[in-house]
Structures are given as structure tokens and as C-alpha cells.
Amino acid sequence: MSSYETLNTPQQEAVLHTEGPLLILAGAGSGKTRVLTHRIAWMIESGINPYNILAITFTNKAADEMRQRVDRIVGMGSEAVWVSTFHSACVRILRRHIDYIGYDNHFAIYDTDDQKTVIKEVCRRLYIDTKLFKEKALMSDISHFKDQLLTPDDVETSAFDHNERKIAAVYREYQSQLRKNNALDFDDLIMKTVELFEKHPQVLDYYQERFRYIMVDEYQDTNFAQFRLVSLLSGKYRNLCVVGDDDQSIYSFRGADVRNILEFENVFPDARVIRLEQNYRSTKNILEAANNVIANNTERKEKRLWTENEEGEKIHFRQFATGFEEAEYVVGEIDHLHRAAGRDYRDFAILYRTNAQSRIFEEKLLMAGIPYKLVGGINFYSRKEIKDLLAYLRTIDNARDDVSVRRILNVPRRGIGDTTQARIQEYAGEMDMSFFDALRVAEEIPAVKRSLSKIDSFVTFIMALRTKAEILTVRELLQDVIDSTGYALELEKENTEESKARLENIDELITKVQVYQDQMKEQGQKATLSGFLEEVALVADIDTVDAESDYILLMTLHSAKGLEFPHVFITGMEDGIFPGGNPLFRSDEDNSLQEERRLMYVGLTRGMKNVTLTCARQRMLRGEVKFHNVSMFVREIPRELVDLGYTVQEKKPDRDKLLQGDNTYSKMKAAFLSKPFMQQEQPRPAVPVKNASALEYSVGDTVRHVKFGVGIVTEIREGGRDYEVTVNFDRFGVKKMFAGFAKLKKI
DNA sequence: CGTAGTTTTGTTTTT
DNA sequence: CAAAACTACG
């Protein structure tokens, strides 16, 4: 096939090397996805059964894309290839075989929220003071144990002080609670799969036969458990191909161990090693900057990325007085490039170190009427109303899921309060039965006599739903839950901004169920309740980003891994924010600093055409004004590669006043919100603004807005260079906006 | 039992 | 500054 000729020499080598262990050291933007897809295509073409191929990607989105690209090359056959994330692959395996290690195949998957609920319960049972042992810390401890495949016994044995024994006890009890609830957490998905394989060689053998060819992407971010899993699976045929870049290892906080990639050659002495060092993505300047930054790290495989691309623009660096001005600049700049240079919104990404930094950009973008998508932060599925409804579905699906049953027992209010719940819980514990079973026999519990009728009707209600679940589709079932609980009705009555947003989320959930059903139908599979819940548990926010929609992406540097954009803004380039953490514990030998630097490297190498770094002298952090120095990473870029533009712009007097002394965050916010967002400090070509007569709408007209939907124009006022239009939106109420930005369409 | 009002706590990063 | 966790009251 001629398409292989478009690959460079090492890329071709990687594609053609299908037998035996292979390590591909793929620098940023070196076309590794192309290599992986072509490699799968080549294998299929050369007669390998696609059924025998397993490809592990980092996100579901990457998995989908890979499958599509393979399809494009080979046409048919790719649907038989298993392309999925570690977690999805493990769920599929466990659904089939987890009964071998004493779990029910109908297990629930607990997210961070659920885990916390369990941990709290565990601490209460063990009389552990959560002031001394923070739930969050315990959770991360347990997570790390599991990353290392340590059982409660292991932890117990190696504990050498009181604290560690305590933690081991929590771990033990936590596991026993999960088992009782027939639930697994994220880390269990991997660990239990390993356990299954180790305890049941015949099951392992089955999968070894099945997956004769294995590929793992982003190998630098695998942890010990994942390493073990991959080793087991590939143990028989040894056709293991791993792809990664040690310079992009940014997940050590969740147990990722760079040694997996650094020591691959030691584990597999006969491994072929191929380096991909030609970069096809970025300009020379961007690459040069990235190379110089990462060169400050000591623990790395030396490599030299190069490109034939043009030199391009310098790295732009801009410092501002405040975070507000920073955001204003970034948004103004994007708006400018969009209008003047005709760049699509999808060409831009605004990146930051922590999710909390996104808000200010959201505000400015909203004001400017620029469409954006926020990736990460509070997950859609962790919103209260969504979790409530899902808890119903989970209760229907898995009767032993106590966390879900308890969540919905009194939602909507049924007059079954905390005391009653605690008593039932106690009884269930004593009798060693599930919470729901305790509810069913509530008449045996003398302490809850008063609520007995309420409990009975709850039990009947759930049982009825469970019966319905057998005949209804998932969507119909969800609709039934929404109707019969009166959940939506209650929110409608409330009729506040918040309740409206919640109703919208519920609508979105219904849409998601529908999408799932359609998808399953398309693939000729059965849409099941468990299947939907599983999908819900394992989607990352980034998976919902689609290439078609034209919006700016806002996300953390972590989420940006694997993506590329013509224009990248890395914001908050301040010491203490990025690199974050405690400066006292930061030295060059410190691994955490090196990881931050790799994060910077990832950020820079996302850029294709240009990268802008921004920072602010002072910014609001946790409600107080903080002063920061410019990030050390900015200084690590050679001076001649950086365009400094101007530093702090001349400020207007009224703004000066705003920034002084006693001004609170909200005052500043109010002041900025009431201002036209665009008061550009930098001279720029005048933006053509329509005058009132040129506006295609006038007072009384119905218009459509990208974000707010349909509304009626109630006022048009002259305001500086632009016109201020007041619109009463059907769903969002009255909003004021500037005609130049809002792009209102008369309908 | 439910609510409103008060206090405390928190920032990495995510499947 | 917010969200979460507590507390006290009707």
C-alpha cells in the first residue's frame, strides 16, 4: 500500500516490526499516532487476524480516533481490533470473569465521590479521627497501594508504626465494604484483573491467546499494576509494542512510573528500540524553546528533536498587573486573530496548571460572546442531580450498592432522616446484610417503627422500577425515574437560575442515554443498563470534545496531552502556580519539579504555529491577593526565542484605583463585568464595528446567540465604539452585550 | 426530621 | 472566595 511510503524511515521500521518486543521512543509531534494506526493496518494486511490485536490508549477519545483512522487505511476489519483504555479493557474482562475471584459480574464502579462516602463510613466504624487522617489522604494512600498491587495484608505486614497500621486497617475495611457493596473503584479495575490472571492461569491463557499482538500508547504514564498486567498478557507471545516519551511523563501523582519506559530494554533484552525524533507539528522556534526547557531535567533519555518546519514566530511572553488583565488580553487576542486573520475558534487552546484558574477566562469569553468548551473541572457526571438519578439507575442495576441506595433513600424527601438511616445501617451491619435488604425487612427493626410505612413504600417503589427495567429501554427507564420520583417537577417548582441549569443537565443526561442506545444499535450490540453505567463511569471529560464544533478549548496542561493546536496560550506562568507547590521543597534534584517541567514541555509542544505565555503580578487566590514572580520556566527559554512585547501596560486611572488596597474580589469583578471587555492596551487595527443602522436587528426583534439561545432585543444603546444590546433570553434571562462580539442573528 | 445559618477548609494534576 | 461540613433551632 502506497500510504506507507509517506512515513519516514524509522516510522516505517516501527510499522513493519510486528514480532517480538518493541519500544518506540516517540518525541512530541513525531507522528506516533500515525505509526500506531499504520502498524495496525499493516498487521491486518499482512494476514494477522484483527481479532488478535489489542491496542491500549490513554483516553476513549484517542481509542475512537485510532479505530477510525485504521478504518480509513484498511477499510474493513478494524472493528474486531480491541482499542480501548486500560480501564475499559479491564472492565470488559472482569464482566466476563470476575466471578472466578469471588465477585458478582454485575459489580458497580465507584468514582471518587463514592469512594469518599465509603471512606467516611469506614472511619466512623473504626473510630478514626478524620481530623488526623484526612479522607483525601487516605484515599490517595489506598490508591497508591493498589497501583503497587499491595493488598491490605501486604500493607499491614510492612507497617512499622501506629499510623501505618491504622492506615492498613482503613484499607482493609474499605476493601471489605466495597466487596459487600459489590463495587470496584478505578484502581481495583486494574488490580483485580491482575489478580484474576495470577490466580487463574487458564483465564490468563485464554487472553494470551486472544491478544497475541499488544500495543500500549503513552507508556510513560503506566503504573506498576498496569506494567504487570501488560507483562502477563504478553507473556506468551511476547509481541508487545510500547510507545511513549519519558519527557512527557506527567502522571506520577497517580502512580505512573517512568521506569516502566526507561527500563523496558532491561526487562526485554531482545527489544528493538526505535526513536522518532523528527517533529512534524511545531515551528523551529517552539521546538527549540521546548528542547531548552526540558534540557534542565536530569533524569531523562537524551534525545534531539528536530523539524523541517519553518522558523515561525517567537514565543510570546506577556506579563500583566492582574489575572483580570491577563484574561482580557488572551481573550482579546483570540478575538483579534479570529476576526483579522480568520482563524477558527477551534484553533485555540487556553491552558493552565489548575482547574480553578479557568473561571476568569470563562467570564471574559462569555462576555465577549466567544464559544468555548471547558474540559475537566467538575465532571458532568458528578453534578448532584446527575448523581442522584444515576444512583437510582445503579440501585436498580445492583441491589448491593449501598452507597447508591443510601443516596436516594431520602431524595426526593420521603421523611426518612439521618437517624432512621443510621439505625438501618446498624442493623444491616449486625445481620451482615445489604442496606437494601435491611430496608426490606424493616419491620424486624424495632427502632424504625415510626418510618416503617415510608420505608415500605420506598422498597415497593424500587422493586417496581426493577421490574420495569426488564422491559423498558434504558432511556425509558430513566424517564420513568424522573417522572415517578417527581425529580424534575420539584426543580420546575423551584424556578431559580440554578434549578433551570439542573433541569438542563437532566435533559442532557437523557440525550446521553439516547446517544448510547443509538451507538450500541449501530454496533449491533445490546444497550443495557450496566453498559450505560459503565460508560458513564469511565468517560473522561476530554472524550466529549469533538473536532467538528468550533469552540475554544479551556483545560489543564494535563488534559492537553496528546492534542495539538495552531495557537496555544499557557497562562498563569507564575512561580507558585506553575511550577506549583511549596517553593521550599523545590530543588532541581526534586522529582516534583522535574515533573512540572515536563508539564511545561507538554504545554509548549502542543503549539503548532505559536505559543503565548502569560502571567500576572498579583492574582486572587483563595480569596486573597497573592503576589508572584515570573515562572522559572519562562527564564529557561533562551532570550532570543522570546518576544517580550511590552510588560505591564499603562493603566487607566480608574482601573488603578480599582487595583488598590481594600478592593474586594467582588468589587473588582463587578467593575470589570460592567465594563466593555475590550479596552485594549495594545494598539491594534481598529475592529470594524457595525453601527446601529447596520445592525440587522432592532428593538423588538427576536435574535439568536451562540451561547444563550433565542431572545428578544429590548434595548440598543450607543456605548463607545460599539453598541450595547440588551436581550431578554428565553432560557438565560436579560443579558447585556456588545453588538460587535455577540454575533446576534435575527430570526 | 428538616432547614437555615455558621464555621472550616482547601489547590495540583485524572482514569 | 467558595463549597462542604457542622450546629442549632423550630
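Residues numbered from 1 in each chain as written. Chains lettered and ligands numbered in written order. Predicted model: local features only at pLDDT ≥ 70, side-chain atom pairs only at ≥ 80, totals over all residues. Heavy atoms only, no water.

What about the overall build of chain A?
- Across its full length, chain A carries 30 helices and 23 strands.
- The buried share of chain A, reckoned over its 747 residues, is 54%.
- The long-range fraction of contacts in chain A, counting pairs at least 24 apart against all pairs at least 6 apart in sequence, stands at 74%.
- A total of about 33,700 Å² of accessible surface is found on chain A, and carbon and sulfur atoms cover 51% of it. (Helix = DSSP H or I, 4+ residues; strand = E, 2+ residues; numbered from the N terminus. Buried < 20%, exposed > 50% of the residue type's maximum accessible area, 1.4 Å probe, protein only. Contact = heavy atoms within 4.5 Å. Areas by Shrake-Rupley, 256 points an atom, 1.4 Å probe, with all protein chains shown as cover.)

Structural notes on the packing of aromatic side chains
- In the structure shown here, the tally under the stated rule is 15 aromatic pairs.
- Ring centres of Tyr-206 and Tyr-207 lie 4.9 Å apart, and the angle between their planes is 85°; this geometry places the pair in the edge-to-face category.
- Given a relative accessible area of 3%, Tyr-207 falls into the buried group.
- On the numbers, 5.4 Å between centres and 70° between planes, the contact of Phe-578 with Phe-633 is edge-to-face. Taken together, the residues span a long stretch of sequence, with Phe-578 in the loop between β15 (565–570) and α26 (591–604) and Phe-633 in helix α27 (residues 632–635) at a distance of 55 residues.
- It is Arg-466 that lies over the ring of Phe-436; its NZ or CZ is 4.8 Å from the centre.
- When the ring centre of Phe-380 is taken as reference, the NZ or CZ atom of Lys-512 above it lies at 5.0 Å. (Phe/Tyr/Trp six-rings, centres within 6.5 Å; stacked < 30°, edge-to-face > 60°. Lys NZ or Arg CZ within 6 Å of the ring centre and 35° of its normal.)

Topic: the protein's contact with DNA strand B
- The environment of DNA strand B is made up of 23 residues, and the closest members are Lys-136, Arg-353, Thr-419, Thr-420 and Ala-540.
- Of all atoms in DNA strand B that approach within 4 Å of the protein, 58% are sugar or phosphate atoms.
- The separation between a phosphate oxygen of DNA strand B and a polar side-chain atom of Thr-556 is 2.9 Å.
- With respect to DNA strand B, the side chain of Ser-559 contributes an N or O atom lying 3.1 Å from a phosphate oxygen.
- Residues that form the surface near DNA strand B fall into these classes: 4 nonpolar, 11 polar and 8 charged. (Near = heavy atom within 4 Å. Polar contact = N/O pair within 3.5 Å; in protein donor to acceptor, adjacent residues only side chain to side chain. Nonpolar A, V, L, I, M, F, W, Y, C, P; charged D, E, K, R; others polar.)

Some details on the sheet that holds strand β1 (residues 22–26)
- With respect to topology, 6 strands assemble into an open sheet ordered β3-β2-β6-β7-β1-β8, the strand pairing being parallel. What marks the edges here is a single partner per strand, and that holds for β3 (82–85) and β8 (272–276). When the angles between neighbouring strand axes are averaged without regard to direction, this sheet yields 15°.
- In this structure, β1 lies alongside β8, joined through 5 bridges in parallel fashion. Along β8, the bridge assignment pairs Ile-24 with Ile-274. (Pairing = 2+ DSSP bridges. Axes fitted to C-alpha atoms, helices over the stretch in contact; angles between N-to-C directions.)

Some points on the packing of helix α5 (residues 112–125) against helix α6 (residues 135–147)
- It is at 10 Å that the axes of α5 and α6 come closest, and there the two elements cross at 110°. By the angle class used here, α5 and α6 are roughly perpendicular. Along its contact with α5, which presents Thr-112, Gln-115, Lys-116, Ile-119, Lys-120 and Cys-123, the element α6 presents Glu-135, Leu-138, Met-139 and Ile-142.
- For the contact of α5 with α6, a count of residues per class yields 5 nonpolar, 2 polar and 3 charged. (Parallel < 35°, antiparallel > 145°, perpendicular 65-115°, else oblique.)

A closer look at helix α17 (residues 384–397)
- Between its terminal C-alpha atoms α17 stretches 20 Å, which fits the 20 Å expected from 14 residues at 1.5 Å a residue.
- Of all 14 residues making up α17, 13 are buried, and the element is well covered by its neighbours. (Expected span 1.5 Å × (residues − 1).)

Section: the nonpolar core
- Core analysis: the biggest nonpolar cluster contains 66 residues, and Phe-107, Ile-119, Leu-189, Phe-197, Val-216, Leu-240 and Phe-264 have the highest contact counts within it.
- Beyond its immediate stretch of four places on either side in the chain, Leu-240 contacts Gly-20, Pro-21, Leu-22, Ile-214, Val-216, Val-230, Ser-234, Phe-264 and Phe-268.
- The next biggest cluster of nonpolar side chains, apart from the first, holds 50 residues, and it includes Ala-391, Tyr-392, Phe-435 and Val-513. (Core = buried A, V, L, I, M, F, W, Y, C linked by side-chain atoms within 4.5 Å.)

A closer look at the side chain of Thr-307
- Looking at the element boundaries, Thr-307 is found in strand β10 (residues 306–307).
- Within the local environment of Thr-307, its side chain forms a polar contact with the backbone nitrogen of Asn-309, the two atoms lying 3.0 Å apart.
- Apart from residues no more than four positions distant in its own chain, Thr-307 is found in contact with Asn-279, Ser-282, Thr-283, Lys-284 and Leu-287.

Let's talk about the packing of helix α1 (residues 9–16) against helix α2 (residues 32–45)
- The contact between α1 and α2 brings their axes to 8 Å, and the two run at 40°. Viewed along their axes, α1 and α2 adopt a mutual orientation that is oblique. At the point where α1 passes α2, the crossing takes the right-handed sense. Facing α1, whose interface residues are Gln-11, Ala-14, Val-15 and Leu-16, α2 presents Val-35, His-38, Arg-39 and Trp-42.
- Taken together, the residues of the contact of α1 with α2 break down into 5 nonpolar, 2 polar and 1 charged. (Left-handed = near helix turned anticlockwise from the far one by under 90°.)

What about the pattern of salt bridges?
- For the structure shown, the criterion picks out 53 salt bridges.
- One salt bridge connects Lys-236 with Glu-209, and the closest N-O pair in it is separated by 2.8 Å. With Lys-236 in the loop between α11 (224–234) and β7 (240–244) and Glu-209 in helix α10 (residues 201–210), the pair connects residues that are 27 residues apart, well separated along the chain.
- On the basis of relative accessibility, which here comes to 24%, the residue Glu-209 falls in the partly exposed class.
- Among the ionic pairs, Arg-353 bridges to Glu-596, the shortest N-O distance being 2.5 Å. Taken together, the residues Arg-353 in the loop between β12 (348–352) and α16 (358–368) and Glu-596 in helix α26 connect sequence positions 243 residues apart.
- Salt bridges sharing partners connect three or more residues here, namely Asp-245, Asp-246, Asp-247, Arg-300, Glu-302 and Lys-303. (Salt bridge = Lys/Arg side-chain N within 4 Å of Asp/Glu carboxyl O.)

Observations concerning the pairing of β3
- Every second residue of β3 is oriented toward a common face, with Trp-82 and Ser-84 on one face and Val-83 and Thr-85 on the other, all of them buried.
- Pairing of strand β2 (residues 53–57) with β3 involves 4 bridges; the strand directions are parallel. The partner of Leu-54 across the bridge, within β3, is Trp-82.
- Since β2 and β3 lie parallel, the crossover through helix α3 (residues 60–74) that links them has a hand, and here it is right-handed. (Right-handed = clockwise from strand over helix to strand, strands pointing away.)

Focus on α1
- Buried residues of α1: Gln-11, Ala-14 and Val-15, and no others. With its buried residues spanning 100° around the axis, α1 presents them on a single face.
- On its buried side, α1 packs onto β1, α2 and β8.
- Two or three places before Gln-11, at the opening of α1, Asn-8 has a side-chain oxygen 2.9 Å from that residue's backbone nitrogen. (Arc of directions from axis to C-beta.)

Here's the deal with the state of the cysteines
- Per the counting criterion, the structure on display carries 0 disulfides.
- Just so you know, Cys-241 is unpaired, no disulfide at all, and the nearest cysteine sulfur is the one on Cys-90, 19 Å from it.
- A relative accessible area of 0% means that Cys-241 is categorised as buried. (Disulfide = S-S within 2.5 Å.)

Topic: unusual backbone geometry
- Here Phe-578 and Pro-579 are connected by a cis peptide whose omega angle stands at 5°.
- If you trace the backbone, Pro-579 turns up in the loop between β15 and α26.
- Residue Tyr-127 is not a glycine yet carries a positive backbone phi of 55°.
- The residue Tyr-127 is located in the loop between α5 and α6 in this model.
- Judged by its relative accessible area of 74%, Tyr-127 is exposed.
- You will see that Arg-238, though not glycine, has its phi angle at about 60°, which is positive.
- Mapped onto the secondary structure, Arg-238 falls in the loop between α11 and β7.

All we've got here are geometric facts, nothing functional implied.
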